[in-house]
Amino acid sequence: MSVHVVVGAQWGDEGKGRVVDWFAGQSDIVARYAGGDNAGHTVQVGGESFKLHLVPSGIVHPGVVCVLGGGMVVNPLKLVEELDGLEERGVDVDPARVLLAQNAHLITPAHRALDRAKEASRGRDAIGTTSRGIGPAYTDKAARSGLRAGEMCHPERFAERVKAHVEAHNRVLSEIYGAEPLDPTQVAWELAQAAALLAPYVADTALYLHEQLEAGASVLGEGAQGTLLDLDHGGYPYVTSSSATVGGAITGLGIGPKHVERVTGVAKAFTTRVGAGPFPTELTDEVGDRLRGTGENPWDEFGTTTGRPRRCGWLDMVLVRYAARINGLTDLVITKLDILSGFEAIPIANAYTYEGETLTELPTEHQVFSRCQPVYESVDGWEEDIMGIRELDDLPPAARAYVARIEELAGVPVAQVTVGPEREQAIERAYA
Ligand code: GDP
Ligand code: IMO
Ligand code: MG
């Protein structure tokens, strides 16, 4: 009877997918608690790569039940596409093992059109969203006018609801943004087709999780995005619209905090960000290009969802420490340590300067954050390729010292270090 939550400790794309895949091997259920198909989670097993956007990363483990929780926003057309793609690759996506929360909100083509129109109207202040309709769908949820997954089980009402929804959004699209309206009948037809396929997946997942926890099941909560993209605790307004932090797991799955026994933060050994917003350790020079890679390797830093090049920079421990505090992290997983092989020295930021003042905590205002300069300390680098190493003691001493320094600065133990994208390219340490 326990819940283990995995959260992103930076700006997303930390490698949560592969970490969830690892822990799924010890879990009965993997339940994703927030976000939508703005997420792109990569799991690589035996050279086969799975890019998951909505379906939890536990799906690659046969026998693990996957829950799409009520905190998510789900585009039915995208979910059908993703389930079909998995089935074609021989993955079991039977409704007995994939459950969609009846209270998850739906993303429609109208939300996607609005996302694009709003971004265009922001001009230079654009957030750089994934244009998946995330913001508009959560806006409708908060406004209590959204469509929920449970409605897909009532075809007679659903089509009418969708039509009315599109008509309402058409007014905003054309009158406020001067954008093309959508055809309500066409959208209702498309969504009705998807709804017929998805209705068997819809369930009261909060009740299901409660019953399973009472029966002794172990549940892995899968976060999407990262702490710095959280609507409440991230670098507002350059955030997503969901609760990416551990609180989102409680509300997004409908479980009590008493069940949560472990909260693992995933942090890359350096920092990346996609989209706009402050990034104190960003490197816009050839070092940043080297961290990103050319796109030649599957793990190079190009968005899983949008293909956009990710902004790259050195590890920022102000962020990771913040994530440790906000989420009450019990442990950390450090991913992509292999990418740092070959640097003579590796800078780590542990504070900022702002107008001559030293800041050791994340500023709460983006106007301040965007003008912060990182204060670096430097540790020795290492030459060796470490992708084949599986024991901490076999890492070059400088790589071990880097991990030890992260632990010290975060105040949280490192439970795992990963040295390549494959499932087994991981160094596990005992977690008490
Ligand atoms: P997520 O959104 O947090 O699940 O992360 P993404 O899947 O978007 O991005 C992480 C990328 O890094 C993926 O291409 C992974 O296959 C890759 N990756 C994860 N861990 C490692 C690692 O330890 N080494 C290398 N080289 N690549 C990794
Ligand atoms: P995973 O789960 C990285 C970013 C977008 C943009 C901001 C808002 O793969 O880590 P949105 O479309 O959510 O309204 O965009 O959030 N963003 C992500 N960045 N990884 C993600 O997901 C992201 N999901 C959203 O780039 O800056
Ligand atoms: Mg990702």
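In short, a report on the structure. Note that the structure is predicted; figures quoted are calculated from it, not measured.

**Some thoughts on a negative patch on the surface**
Point 1. The grouping of Asp84, Glu87, Glu88, Asp92 and Asp94 at the surface amounts to a negative patch.
Point 2. Inspection of the secondary structure assignment puts Glu88 in helix α2 (residues 76-88).
Point 3. Residue classification places Glu88 among the exposed positions, given a relative accessible area of 71%.

**Regarding the pattern of salt bridges**
Point 1. Applying the stated rule across the entire model yields 20 salt bridges.
Point 2. With its nearest N and O atoms 3.6 Å apart, the salt bridge here joins Arg132 to Asp37. One end of the pair, Arg132, is in the loop between α3 (109-122) and α4 (134-142); the other, Asp37, is in the loop between β2 (29-32) and β3 (41-45), and 95 residues separate them in sequence.
Point 3. According to the relative accessible area criterion, Arg132 is buried, its value standing at 14%.
Point 4. The residue Glu282 makes a salt bridge to Arg311 at a minimum N-O spacing of 3.0 Å.

**Notes on unusual backbone geometry**
Point 1. Put simply, Tyr236 and Pro237 share a cis peptide bond, and its omega is 5°.
Point 2. Within the secondary structure layout, Pro237 lies in the loop between β10 (218-222) and α8 (246-253).
Point 3. Of note, the phi angle at Asp13 is positive, near 60°, even though the residue is not glycine.
Point 4. Checked against the element boundaries, Asp13 lands in the loop between β1 (2-8) and α1 (16-24).
Point 5. Although it is not a glycine, Glu355 adopts a positive phi angle of roughly 45°.
Point 6. With respect to the helices and strands, the residue Glu355 is situated in the loop between β16 (345-354) and β17 (357-359).
Point 7. A residue is classified by how much of its surface remains accessible, and Glu355, at 58% relative accessible area, is exposed.

What counts, and where the lines are drawn
- Residues numbered from 1 in each chain as written.
- Chains lettered and ligands numbered in written order.
- Predicted model: local features only at pLDDT ≥ 70, side-chain atom pairs only at ≥ 80, totals over all residues.
- Heavy atoms only, no water.
- Patch = residues over 30% accessible without salt bridge, like charges linked within 9 Å, V, L, I, M, F, W, Y side chains within 5 Å.
- Areas by Shrake-Rupley, 256 points an atom, 1.4 Å probe, with all protein chains shown as cover.
- Salt bridge = Lys/Arg side-chain N within 4 Å of Asp/Glu carboxyl O.
- Lys, Arg positive; Asp, Glu negative; His and termini not counted.
- Charge placed at Lys NZ, Arg CZ, Asp CG, Glu CD.
- Helix = DSSP H or I, 4+ residues; strand = E, 2+ residues; numbered from the N terminus.
- Buried < 20%, exposed > 50% of the residue type's maximum accessible area, 1.4 Å probe, protein only.

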